[in-house]
Amino acid sequence: MGTGTGIGRVRGLGSAKHGAHHWLAQRYTAVGNLLLVLWLLFSLIALPGLDYESVVNWIHNPLVAVPLMLMIVSIFMHLRLGMQVMLEDYVHDKGLAFFSMLLLNFYAYAGAAAGVFAIAKIAFIGVVK
């Protein structure tokens, strides 16, 4: 094992054991997104109309609101996983990488929370006119 080059210092140490979980999580969210977006498209096509009242009444159904919330969370989780890989690969400055990951996590969690809140407000509380 050499000490002069980067590859020499890490050769024989094995994997970090985190890549497989991250890769699988990204694939699971991709499949979930595909299924939920297809459900959304077919459900919207099946609606009698796409006017405001029809869509709000459709979202009032818990069997519609819950998959919509799952879709929002899955999409933002998938976004966070993919952007995390990009940031880890291409942002080399440690401070900027930390700040970028902080912003990414804030954006992903805040976006998912805002989406779930909006759907919950329509589905369970109703829209104030």
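Residues numbered from 1 in each chain as written. Predicted model: local features only at pLDDT ≥ 70, side-chain atom pairs only at ≥ 80, totals over all residues. Heavy atoms only, no water.

Caption draft 1: The packing of helix α4 (residues 62–90) against helix α5 (residues 94–125), seen in detail. Here α4 crosses α5 at 170 degrees, and the two axes come no closer than 9 Å. Compared by their axis directions, α4 and α5 come out roughly antiparallel. Of the residues assigned to the contact of α4 with α5, the class counts are 20 nonpolar, five polar and one charged. (Axes fitted to C-alpha atoms, helices over the stretch in contact; angles between N-to-C directions. Helix = DSSP H or I, 4+ residues; strand = E, 2+ residues; numbered from the N terminus. Parallel < 35°, antiparallel > 145°, perpendicular 65-115°, else oblique. Nonpolar A, V, L, I, M, F, W, Y, C, P; charged D, E, K, R; others polar.)

Caption draft 2: Inspection of the layout of surface pockets at higher detail. In this structure, the largest pocket encloses a volume near 190 Å³. In terms of lining residues, the largest pocket is bounded by His21, His22, Ala25, Val73, Phe76, Met77, Arg80, Leu81, Gln84, Ala108, Tyr109 and Ala112. Those elements giving two or more residues to the lining of the largest pocket turn out to be α2 (19–46), α4 and α5. Residue classes in the lining of the largest pocket are distributed as eight nonpolar, three polar and one charged. (1 Å grid on protein atoms, 1.4 Å probe; cavity = no way out; pocket = protein on both sides within 12 Å on 5 of 7 lines; lining within 4 Å. Points joined across faces, edges and corners; volume = space filled by probe spheres on them.)

Caption draft 3: Quick look at the packing of aromatic side chains. Scanning the model with the defined rule gives two aromatic pairs in all. With a centroid separation of 6.0 Å and an interplanar angle of 25 degrees, the aromatic rings of Trp39 and Trp58 are classed as stacked. One end of the pair, Trp39, is in helix α2; the other, Trp58, is in helix α3 (residues 52–59), and 19 residues separate them in sequence. Residue Trp58 is classed as buried on the basis of its relative accessible area, which comes to 13%. (Phe/Tyr/Trp six-rings, centres within 6.5 Å; stacked < 30°, edge-to-face > 60°. Buried < 20%, exposed > 50% of the residue type's maximum accessible area, 1.4 Å probe, protein only.)

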